[in-house]
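# Residue-level structure breakdown
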Amino acid sequence: MPIITLTSDIGLQDYLAGSIKGLLLQHCADAQVVDISHHISPFNLPQATYICRSAFRYFPEGTYHLVLNNLFDRKTDYLLIGRHNNQFILCADNGLLTMIAGEMPAEVYRIPLDPAESRNTLNMVAVMARALARLTKGAALSETGTLTTEITVKNNLQPLTGEDYIEGQILHIDNFENVVVNITRGQFDEQRRNRKFAIMFRRDEMITQISETYADVPEGQKLALFNSAGYLEIAVNKGNAAGLFGLQGFRRDQLQQGAYQQLSFYQTVRILFE
C-alpha cells in the first residue's frame, strides 16, 4: 500500500483539503493518504521546511510527499519530483526541494503541466496524482518527466555564530504557543563547549538552564528545552510563551537576501556563553 503525505498552507476551512484527497484516491485508490499539516503560514518556507524535515524522517522508504506550499511562487510549466533518502518529494520549483533535503536531491525530474489547463491548485494536484499513479504501478521515476539539475536552490535559515554567542530565528509557533528556534542541540553543544550560558530574548528575558520536560519548572514559569525534532524551544509550563512574551515568527518579506538585519528582538533568540 503506497503512502502519500500532504503538507500545505491551505488550511481546513474550505473544500480544498478534501478535494485533494479525493483526487489522489481517484488515481491511487489503494493509497494511504496522511496529513502532516495544512496550517503552514502562507509563503513561510522556513516553517514548511521545519515541519517537513521533522516529519519525513519517520516515514518508510518509498513514501511520496506532496508539499503544496507556495505553489504559485511564479508562473511555470512544470512541477518537480525529487528522490531524497529513498523517499519522493513533489512540489513547485520554489526552493523548497533543496531546503527540505538540505542539499540537491539524488534525482530531480520536471513533471510537465498541460498548457491547455488552468494553473489552479486542483489541476496541479491532478498532475501529481497522475505521476503517482504511474509510480505506484511500478513505473520508473524517469517516466514522470525530464531529468534536471536546473532548479531553484534556496538554503535553510542558519543561526548566526560568534566566539561567545549563537543567535537563532523563530521558525515556528505551535498550537500551545511554544516557540521553536532554528538552533539544534548539536549546534548548541558545539558552540557552548561546556561553558555557562544565558538564553536571551525579548530584551530582558533570560533562561540559564536546559530542561528535559515542561514539568521541570513550576506552572507559569518559562523554560527552554530541545524538542522531539532536536530544535530549541522556548515555552511556559501550561502557558503560552509566544503570547506572553510577544514573540513572532518569520515573515515572507524577510526571506529576501539581506533581510535578516530587519529582524526585531521579537523574532530572535540569542544565547550568550561565558
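Residue positions are counted from 1 within each chain, in the order its sequence is given. Reporting of local features is limited, given that this is a predicted model, to residues whose pLDDT is at least 70; pairs of side-chain atoms are given and counted only at 80 or more, and all residues count toward the totals for whole chains, interfaces and linings. Calculation of side-chain values draws on the structure's entire complement of heavy atoms; hydrogens and water are dropped beforehand.

### Focus: the nonpolar core
- In terms of nonpolar packing, the biggest core is built from 33 residues, with Ile4, Leu24, Leu66, Leu68, Ile81, Leu90 and Leu132 touching the most fellow members.
- Secondary structure elements follow DSSP: runs of H or I of four or more residues count as helices, runs of E of two or more count as strands, with numbering from the N terminus. Secondary structure elements with two or more residues in this core: strand E1 (3-7), helix H1 (16-27), strand E3 (64-67), strand E4 (78-84), strand E5 (87-91), strand E6 (107-112) and helix H4 (121-136).
- For this core, the element with the most residues is H4, which contributes 10 residues.
- Non-local contacts of Ile81, meaning those with residues more than four positions away in its chain, are made with Phe88, Ile89, Leu90, Glu107, Val108, Tyr109, Ile111, Leu135, Leu141 and Thr144.
- Residues Ile40, Ile89, Cys91 and Leu96 belong to the second largest nonpolar core, which totals 23 residues. Buried Ala, Val, Leu, Ile, Met, Phe, Trp, Tyr and Cys residues that are joined via side-chain atoms within 4.5 Å together make up what is termed a nonpolar core. Partly exposed describes any residue whose relative accessible area lies between the buried limit of under 20% and the exposed limit of over 50%, with all areas from a 1.4 Å probe on protein chains only and scaled to the type maximum. The contact definition used throughout considers only heavy atoms, calling two residues in contact when any of these lie within 4.5 Å.

### Things to note about H4
- Expected span of a helix, by definition, is 1.5 Å for each gap between consecutive residues, and there is one gap fewer than residues. Compared with an ideal rise of 1.5 Å per residue, which puts 16 residues at 22 Å, H4 spans 22 Å between its outermost C-alpha atoms and is within 8% of the ideal.
- Those residues of H4 that sit buried are Thr121, Met124, Val125, Ala126, Val127, Met128, Ala129, Ala131, Leu132, Ala133 and Leu135.
- Among the structural elements, E1, H1, E3, E4, E5 and E6 are those in contact with the buried residues of H4.
- Each polar contact in these results corresponds to two N or O atoms within 3.5 Å; when the atoms are within protein, one needs to be able to donate a hydrogen and the other to accept it, and residues that are neighboring in sequence are counted only if both atoms are side-chain atoms. Between a side-chain oxygen at the N-terminus of H4 and the backbone nitrogen of Leu122 the separation is 3.2 Å; the capping residue is Asn120.
- Once H4 ends, the next one or two residues include Gly138, with phi positive near 105 degrees.

### Focus on the packing of H1 against H4
- Two elements in contact, H1 and H4, have axes whose closest approach is 9 Å; the angle formed by their N-to-C orientations is 30 degrees. Considering the angle they form, H1 stands roughly parallel to H4. Crossing angle aside, the handedness with which H1 passes H4 is right-handed. In contact with Leu16, Ser19, Ile20, Leu23, Leu24 and His27 of H1, H4 contributes Thr121, Leu122, Val125, Ala126, Ala129, Arg130, Leu132 and Ala133.
- Side-chain classes follow a simple rule in which Ala, Val, Leu, Ile, Met, Phe, Trp, Tyr, Cys and Pro form the nonpolar group, Asp, Glu, Lys and Arg form the charged group, and the remainder, Gly included, forms the polar group. In terms of residue class, the contact of H1 with H4 is built from 10 nonpolar, 3 polar and 1 charged. Only the stretch in contact is used when a helix axis is fitted, and all axes are lines through C-alpha atoms; the angle between N-to-C directions ranges over 0 to 180 degrees. Orientation categories follow fixed angle ranges, with anything under 35 degrees roughly parallel, anything over 145 roughly antiparallel, 65 to 115 roughly perpendicular, and all other angles oblique. Each crossing gets its handedness from the near helix: less than a right angle anticlockwise from the far helix is left-handed, clockwise is right-handed.

### So, the side chain of His172
- Assignment of secondary structure puts His172 in strand E9 (residues 165-173).
- On the basis of relative accessibility, which here comes to 14%, the residue His172 falls in the buried class.
- Within the structure, the side chain of His172 is placed 2.8 Å from the side chain of Gln47, a separation counted as a polar contact.

### Brief notes about the pairing of E1
- Burial of E1 is extensive: 5 of the 5 residues sit out of reach of the surface.
- Both faces of E1 are covered, namely the face carrying Ile3, Thr5 and Thr7 and the face carrying Ile4 and Leu6.
- Orienting the strands away from the viewer, one traces the path from the first strand over the helix to the second; a clockwise path indicates a right-handed crossover. Read as a crossover between parallel neighbours, the route from E1 over H1 to strand E2 (residues 32-37) is right-handed.
- Pairing between strands requires that DSSP locate at least two bridges from one strand to the other. Two elements, E1 and E3, share 4 bridges in a ladder whose sense is parallel.

### Description of the side chain of Glu205
- Along the polypeptide, Glu205 turns up in strand E12 (residues 205-207).
- On the basis of relative accessibility, which here comes to 16%, the residue Glu205 falls in the buried class.
- Only 3.4 Å separates the side chain of Glu205 from the side chain of Lys222, close enough to count as a polar contact.
- For Glu205, the residues in contact, after removing those within four places along its chain, are Ile199, Met200, Lys222 and Phe245.

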